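Structural features, examined
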Amino acid sequence: MSRYLYNQVVSILTSKQLHQIYEKRRNYDLRRLLAGSERLLTTLANSLEDDPSFLLAAVKCLPLANGVRETISQTIVQYTTKLKDVVFAILIAENQLVTLVRMRKCFMHPMDLHILLNLIHASESLKTGESWTPICLPRFDSSGFVHAHVSYLTDDCEACLILLTVDRDSFFVLSEAKQKIVERLRRQNCLDALNNAMKTNWPTMDSIGIPQIRHFIYKSRPIAQFTMPRLPLPYASETEGKNELRRLFCGYSKLQGRIHAHSRPLRLLYWTGDKENLMGWMTSTFELYVTFDPLTKKYVAIEGVEKLLKWVRKEEEKLFIIESSTF
């Protein structure tokens, strides 16, 4: 997890600047250079405790009808494809990925996406207008900055659009492109679709209909994306929810550690406890972590997992971005 905090520092200073500093003074105190970024680091440190994105090295997508997602992606492509030096265009809603459009041969690593998600999550000031900020994406290029045009789509649709370019003088060009993107998305009713998706909080375990499963996290390994249902009680309790949630994710973390252990890794693990039973399973295509009632028998758990995998396959175009668009 310390790698994420290091990458957050690199995103502010670049690895090149860090190396230059410590070559001259090995005991240099970075706090002066990081002044003003305390909220970014604090928000990230807090998220590391209860956000499975970091445990899985993956991002969660906003569940959305495939046709709507495709319309949003193609709209972004239409208005960015001819712009000079734009490398990525990313739409985020409620800390979830809506779409990612990229320049051909450029790829966005999940760790870089986490830095961008943390920037949006930690910065309330971004909601007040259009922002222009340099940011280093360590897995894309740790030695230099890209420039990010960051803005929420509209006052009535709190999805955030990030346009990343290597041209530091592109603010007004990207601002104009953003306005055209928003106008077309409104005409295509995509803003309403985004708002509905954010309000619905789908899926829930009730909607999935597998009563023996309390909660799960499913990661698609080839695309580094995951999905999970809305948290049920007791993990969403107003009084004990935070502690219960951290205990649950701690259990998932232990399973993940055994499955990915360098010495004697396991592919399948079933753990029984006083408050719940947990199951972890990894194949070449997915990782799955599932929570059951503590009295659940193994054969009942396996039946539930088989139903869950069928449900994921049925809904995967809505749950995941199978292939990102390019310009």
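Provided above is the structure to which this section pertains.
About the cut-offs
- Residues numbered from 1 in each chain as written.
- Predicted model: local features only at pLDDT ≥ 70, side-chain atom pairs only at ≥ 80, totals over all residues.
- Heavy atoms only, no water.
- Pairing = 2+ DSSP bridges.
- Helix = DSSP H or I, 4+ residues; strand = E, 2+ residues; numbered from the N terminus.
- Contact = heavy atoms within 4.5 Å.
- Axes fitted to C-alpha atoms, helices over the stretch in contact; angles between N-to-C directions.
- Parallel < 35°, antiparallel > 145°, perpendicular 65-115°, else oblique.
- Left-handed = near helix turned anticlockwise from the far one by under 90°.
- Nonpolar A, V, L, I, M, F, W, Y, C, P; charged D, E, K, R; others polar.
- Buried < 20%, exposed > 50% of the residue type's maximum accessible area, 1.4 Å probe, protein only.
- Core = buried A, V, L, I, M, F, W, Y, C linked by side-chain atoms within 4.5 Å.

Moving on to the sheet that holds strand S5 (residues 146-154). For sheets, the rule is that strands pair by backbone hydrogen bonds, running either parallel or antiparallel. The mixed open sheet is built from six strands, whose spatial order is S4-S5-S6-S2-S3-S12. Both edges of this open sheet fall to strand S4 (131-135) and strand S12 (325-326), since each of them pairs with a single strand only. Relative to strand S6 (residues 157-165), strand S2 (residues 86-93) is paired through seven bridges, and the arrangement is antiparallel. From the neighbouring strand, Ala93 faces S6, where its bridge partner is Ala159. The sheet strands contacting helix H5 (residues 66-80) are S2, strand S3 (96-102), S6 and S12, and the helix crosses S3 at an angle near 40°. Lying over the sheet, helix H9 (residues 190-200) contacts S2, S3, S5 and S6, oriented at roughly 110° with respect to S6.

This part covers the packing of helix H3 (residues 38-50) against helix H6 (residues 110-122). H6 packs onto H3 with a crossing angle of 110° between their chain directions and a minimal axis gap of 9 Å. By the angle class used here, H3 and H6 are roughly perpendicular. The interaxial crossing formed by H3 with H6 has right-handed handedness. Here Arg39, Leu40, Thr43, Leu44 and Ser47 of H3 lie close against H6, whose contacting residues are Asn118, Leu119, His121 and Ala122. Of the residues in the contact of H3 with H6, the class split is four nonpolar, four polar and one charged.

All right, on to the pairing of S3 then. Within S3, seven of the seven residues are buried, which leaves the element mostly enclosed by the surrounding structure. Sheet topology note: the S2/S3 ladder contains six bridges and is antiparallel. Bridging from a neighbouring strand, Ile92 pairs with Leu97 of S3.

With that out of the way, let us pick up the nonpolar core. Ile90, Met108, Ile162 and Leu164 are the most contacted members of the largest nonpolar core, which totals 29 residues. At the level of secondary structure, the elements contributing two or more residues to this core comprise S2, S3, H6, S5 and S6. Looking at which element gives the most residues to this core, the answer is H6, with seven residues. Within the second largest apolar cluster, 26 residues are counted, among which are Ile76, Val77, Val182 and Phe327.

Turning our eyes to something else, we now look at the pairing of strand S11 (residues 286-292). The buried fraction of S11 amounts to seven of the seven residues, a majority that puts the element mostly inside the structure. Side chains Phe286, Leu288, Val290 and Phe292 project from S11 onto one buried face, and the interleaved Glu287, Tyr289 and Thr291 project onto a second face that is buried too. Sheet topology note: the strand S7 (residues 213-220)/S11 ladder contains seven bridges and is antiparallel. Across the sheet, the residue bridging to Tyr218 is Leu288, located in S11. Two strands pair when backbone bridges link them, and strand S10 (residues 277-282) and S11 are joined in this way by six bridges, in the antiparallel orientation. Each bridged residue has a counterpart across the sheet, and for Trp281 the counterpart in S11 is Leu288.

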